[in-house]
Amino acid sequence: MRKGWMVVWVVLVAAQFYLLYTPDVGGGPGFLAPLWELLRPLPGPTAMGEPGFDKIVHGTSFGLVALTGLLAGWPTWLAIAIPAAHAPVSELVQLFWIDGRAGDWHDLLADWTGILLAWAIIAAWRSRKVRGSHRRREPRSIV
């Protein structure tokens with residue numbers, strides 16, 4: 001296990017739990033307000049309330065958890081299974097037990113898409129890394 005990536009994973013999971021499981025009291029972005037101000041000038045859905053922004057946040061948060069699990073050296077099945085199983089649980093918890101929140105199957109699809117993208121990025125990176133280490137070496141000339 002790579003301790004640095006494990007620490008990053010724990011921080012990301014803590015942030016994800018805060019974002020997913022705190023009630024929506026309608027007070028705006030709160031402590032994330034500076035991030036929204038930074039993102040506002042960018043094209044596309046870059047602020048709370050804009051169509052699609054919620055899906056970007058879902059996909060990114062679950063994708064980063066999967067990515068850091070993979071980078072921490074976890075077995076692929078475990079690094080993918082933990083966030084993949086957490087995704088539907090989070091939507092059900094939001095639907096039934098958190099005031100002001102609603103479970104949404106579109107959010108679930110965004111979660112799983114982020115996880116799939118994280119896996120694809122790591123698989124491509126590992127494949128390229130392996131191919132680079134197995135390149136044919138030319139014999140050295142003794143002249």
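Residues numbered from 1 in each chain as written. Predicted model: local features only at pLDDT ≥ 70, side-chain atom pairs only at ≥ 80, totals over all residues. Heavy atoms only, no water.

Some words on the overall build of the protein
Within the protein one finds 5 helices and 0 strands. Each helix and strand of the protein, placed in order from N terminus to C terminus, yields the pattern α-α-α-α-α. Sequence-distant contacts in the protein: of pairs separated by 6 or more residues, those separated by 24 or more amount to 68%. (Helix = DSSP H or I, 4+ residues; strand = E, 2+ residues; numbered from the N terminus. Contact = heavy atoms within 4.5 Å.)

Structural notes on the packing of helix H3 (residues 53–71) against helix H4 (residues 76–97)
Two numbers describe how H3 lies on H4: the axes approach to 8 Å, and their chain directions differ by 155°. Put simply, H3 runs roughly antiparallel to H4. As for the relative orientation of H3 and H4, their crossing is right-handed in sense. Counted together, His58, Phe62, Val65, Ala66, Gly69 and Leu70 of H3 and Thr76, Ala79, Ile80, Pro83, His86, Ala87, Ser90 and Glu91 of H4 form the full contact between these two elements. (Axes fitted to C-alpha atoms, helices over the stretch in contact; angles between N-to-C directions. Parallel < 35°, antiparallel > 145°, perpendicular 65-115°, else oblique. Left-handed = near helix turned anticlockwise from the far one by under 90°.)

What to know about the nonpolar core
Across soluble globular proteins, nonpolar side chains have a tendency to be buried as a group. Counting residues in each nonpolar core, the largest one holds 17 residues, and the members touching the most others are Trp9, Phe62, Leu67, Trp74 and Ile122. Those elements that provide at least two residues to this core are helix H1 (3–21), H3, H4 and helix H5 (105–133). No other element matches the 6 residues that H3 contributes to this core. Ignoring any residue separated from it by four or fewer positions in sequence, one finds tryptophan 74 in contact with Met1, Met6, Trp9, Gly69, Ala79 and Ile82. (Core = buried A, V, L, I, M, F, W, Y, C linked by side-chain atoms within 4.5 Å. Buried < 20%, exposed > 50% of the residue type's maximum accessible area, 1.4 Å probe, protein only.)

Considering the confidence of the model for the protein
Segments scoring low in pLDDT should not have their predicted coordinates read at a detailed level. Within the protein, residue pLDDT values average 85, and 75% of them lie at 70 or more. Within the protein, the element-level pLDDT minimum falls on helix H2 (residues 33–39), averaging 64, and the maximum on H4, averaging 96. (pLDDT = per-residue confidence, 0-100.)

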